[in-house]
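Coordinates in review
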Amino acid sequence: MKKILLVGKPNCGKSLLFNQLTGLRQKVANYPGVTVEIKSGAMGEYEVIDFPGTYSLSTMSIDEQVAVEQLTLRVNDDETELVVCVLDATRLERSLVFALQAQLLASQSNKPIVFVLNFIDEVKRFGHNIDIDGLANEFGAPVYALSARSLDGISEFKNALLNAEYKNFNPHVPKIPLETTKAVVDFSRALAKTYAINKDVVLKNQNKVDNFLLNSLFGSFAFLAIMFVLFQSIFTWAAPLMDGVETIIAGMAVFITQFTGQGVVTDFLNDAIFGGVGSFLVFVPQIMVLTFIIGLLEDSGYLARAALICHKPLSYFGLSGRSFIPYLSGHACAIPAIMAARTIESPRKRLITMMTIPLMSCSARLPVYALLVSVFIPSDVYWLGIFNLQGVTFFGLYMFGIVTALIISALLSRSSITDHEKSEMPFIIELPSYRLPHWKPLYHRVINSGVQFIKRAAPIIFMVAVGIWVLGYFPLNASLEESWLGSIGHFVEPIFAPLGLDWRYGIAILMSFLAREVFVGALGTLYGMEGADENIAGLAQNIMNDGLPLGTGIGLLLFYVVALQCVATVATLKAETGNSKLSWGLYAAYGVLAYILAFLANALI
């Protein structure tokens, strides 16, 4: 299959163009380093390959190095038909150095290249016009003006690629030889002076907003307010959706079990399926709300500003401003967040960031938090008469994880553990233009977050729920405490008794070391088997009726904030650091720290 390579610097809209050309629902974010992996998709008879954004072929980070190595390899591939280089029309001068380097790389392999001026709709909005034909003659290659966001020129560009119209291009002037870095830089400056729009026009409105958002005082308050709203929304916005899902699950349970009668099948459906798996599905809306809010911050361009705001305070803890992006991504899932840490310029800070990302409260913890917060924090109480106390508690849990990560980062930066990664690199980040999110990709991203979470977690939870049900159901006619599961629970109960937890919670915690969210499904199955048929998926009410002490509940929450209960995260850490002892050492260390915190909470509260 013939291949088209799609390249460009970060924030040029390349990934959105890739989506428009191939129809794939790839994640698009308005900050550097989002496209860690190389993506591909079909467009007619061509395979379009989307490479990570990079500022130059002279690399500074591991992410850029991977991109450049793969690009060089693919350009020399006989199946490669064309290189498409995407430029930001509103900031042309920042795209030209990479564009000219990419052109030189393509010419060395005798591969044609075309250039795309993206965001042309914004150029028109500013009342400017770019001489496309003149720029094409300067490049000695075709130039297409379009907007991947508004779809201006997309169909024409796609037809030009499918019909190979670029082969008919005949430049009016010869291409200028660009064999040295100095020649590339000088020519790019000349092109920018002639063809780029006045950057003051572009920056005028942006600077007005930045003067507030990047102000040392007001910007800090704005940042905290935005983060507070983010965590408030996880609980308050998702509550109606969660209630709806719980009602649907309860209705399905009643409808289906009316046809099965009394017996093993009905018990299995009520206890394992609707009680176990159903209890977990109730919390999926919260993952989707979290993805939506983070998506708004990404696409608007605020995340880069947040990284800049956070650089100075994070540097006190041995981190970089770029650590903020993996940290925030870690609130969705630690695995891509650890991979996103590749973009951190300093190897030492990159390692410390990866080691502390597991302390960010990922979406797998959300069902556990939501369950325990709904048990111990009343839903009708408001802090300062404005903020829902459950949302405030959520914010506190997330902040506790962040603060713990910062403290451990400071200790690691001053310890000998990271001495083998002492090399430092300068902190450099580009502030992209403020833009409204592209709603269609954001919608697909939100839906996909829920679907992927279910696909990843549901099989594990189903197997655990079935296993717990079998162990708890047999021998027949025995009580749950006298069952096989009860015997196992009582065997491990001494480990968890100092935390104020009985054998049921011990079983659920042990099961959740496969994946944190299994805790909810396991408890749902256990409580369902104790006669909760009349309250299917209403696990919170069942725990309330059981009278779990406040100190025990707070300790359990702190345990799940800190404990590294995700084998996939450990495997990712091992792959990224190349150090299995370090990865499993973190697993054990965070587990011990979580146990100590839970013990203290149970003893003191």
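Now for a description of the structure that goes with this document. Keep in mind that this is a model prediction, so the values were computed, not measured. (Residues numbered from 1 in each chain as written. Predicted model: local features only at pLDDT ≥ 70, side-chain atom pairs only at ≥ 80, totals over all residues. Heavy atoms only, no water.)

**A closer look at the overall build of the protein**
Counting its regular elements, the protein contains 26 helices and 8 strands. The buried share of the protein, taken over its 605 residues, is 56%. For the protein, the computed accessible surface area is about 25,300 Å², with 63% contributed by carbon and sulfur atoms. (Helix = DSSP H or I, 4+ residues; strand = E, 2+ residues; numbered from the N terminus. Buried < 20%, exposed > 50% of the residue type's maximum accessible area, 1.4 Å probe, protein only. Areas by Shrake-Rupley, 256 points an atom, 1.4 Å probe, with all protein chains shown as cover.)

**Regarding the state of the cysteines**
All chains considered together, the criterion is met by 0 disulfides. Its sulfur unpaired, Cys 85 is 7.6 Å from the next cysteine sulfur, which belongs to Cys 12. (Disulfide = S-S within 2.5 Å.)

**Some words on a nonpolar patch on the surface**
On the surface, Leu 550, Val 592, Ile 596, Phe 599, Leu 600, Leu 604 and Ile 605 cluster together into a nonpolar patch covering about 680 Å² of accessible area. For the nonpolar patch, the element with the highest residue contribution is helix 26 (residues 580–604), accounting for 5 residues. Relative to the elements of secondary structure, Leu 600 occurs in helix 26. You can call Leu 600 partly exposed: its relative accessible area is 39%. (Patch = residues over 30% accessible without salt bridge, like charges linked within 9 Å, V, L, I, M, F, W, Y side chains within 5 Å. Salt bridge = Lys/Arg side-chain N within 4 Å of Asp/Glu carboxyl O.)

**Brief notes about the sheet that holds strand 4 (residues 80–88)**
Spatial ordering of the open sheet is given by 2-3-1-4-5-6, a layout of 6 strands whose pairing is mixed. The outermost strands of the open sheet, each flanked by one partner alone, are strand 2 (39–43) and strand 6 (143–145). Here the strands of the sheet are splayed against their neighbours by 25° on average, with no regard to which way each runs. With 3 bridges connecting them, strand 5 (residues 113–118) and strand 6 associate as parallel partners. Its bridge partner lying in strand 6, Phe 115 is registered against Val 143. Against the sheet, helix 5 (residues 132–139) engages strand 4, strand 5 and strand 6, with an angle of about 150° to strand 6. (Pairing = 2+ DSSP bridges. Axes fitted to C-alpha atoms, helices over the stretch in contact; angles between N-to-C directions. Contact = heavy atoms within 4.5 Å.)

**Some details on the packing of aromatic side chains**
All told, the structure shown has 15 aromatic pairs when counted by the stated rule. Relative to Phe 218, the ring of Phe 212 has its centre 6.1 Å away and its plane inclined at 20°; by these criteria the two rings are stacked. Among the residues examined, Phe 212 registers a relative accessible area of 44% and is labelled partly exposed. Between Phe 559 and Tyr 560 the ring centres are 5.6 Å apart and the planes differ by 75°, which places this aromatic pair in the edge-to-face class. Tyr 560 sits in the buried class, given a relative accessible area of 0%. Here the aromatic cluster, defined as three or more aromatic residues joined through ring pairs, consists of Phe 268, Trp 469, Phe 474 and Trp 484. (Phe/Tyr/Trp six-rings, centres within 6.5 Å; stacked < 30°, edge-to-face > 60°.)

**Some details on the side chain of Ser 95**
Within the secondary structure, Ser 95 sits in helix 3 (residues 92–108). Taking the relative accessible area as the measure of exposure, Ser 95 reaches 2% and is therefore buried. Discounting residues that sit within four places of it in the chain, Ser 95 has contacts with Lys 9, Leu 87 and Asp 88.

**Comments concerning the packing of helix 25 (residues 567–577) against helix 26**
Axis separation between helix 25 and helix 26 bottoms out at 8 Å; the angle between their running directions is 150°. Taken as a pair, helix 25 and helix 26 cross one another with a handedness that is right-handed. Contacts between helix 25 and helix 26 involve Val 570, Leu 573, Lys 574 and Thr 577 from the former and Ser 580, Leu 582, Ser 583, Trp 584, Leu 586 and Tyr 587 from the latter. Tallied by class, the residues present in the contact of helix 25 with helix 26 amount to 6 nonpolar, 3 polar and 1 charged. (Left-handed = near helix turned anticlockwise from the far one by under 90°. Nonpolar A, V, L, I, M, F, W, Y, C, P; charged D, E, K, R; others polar.)

**A short note on the nonpolar core**
In terms of nonpolar packing, the biggest core is built from 107 residues, with Phe 324, Tyr 505, Phe 519, Leu 523 and Ile 543 touching the most fellow members. Element by element, the count of residues in this core is highest for helix 17 (residues 366–376), at 9 residues. Apart from residues lying up to four places away in sequence, Tyr 505 is in contact with Phe 519, Leu 523, Tyr 527, Ile 543, Leu 548 and Leu 556. Val 75, Leu 96, Ala 136 and Ala 196 belong to the second largest nonpolar core, which has 37 residues in total. (Core = buried A, V, L, I, M, F, W, Y, C linked by side-chain atoms within 4.5 Å.)

**Describing the environment of Ile 554**
Residue placement: Ile 554 occurs in helix 24 (residues 550–562). For the pair Ile 554 and Val 373, spaced 181 residues apart in the sequence, the C-alpha separation amounts to 9.0 Å. Ignoring anything within four residues of it in the chain, the contact list for Ile 554 reads Ala 601 and Ile 605.

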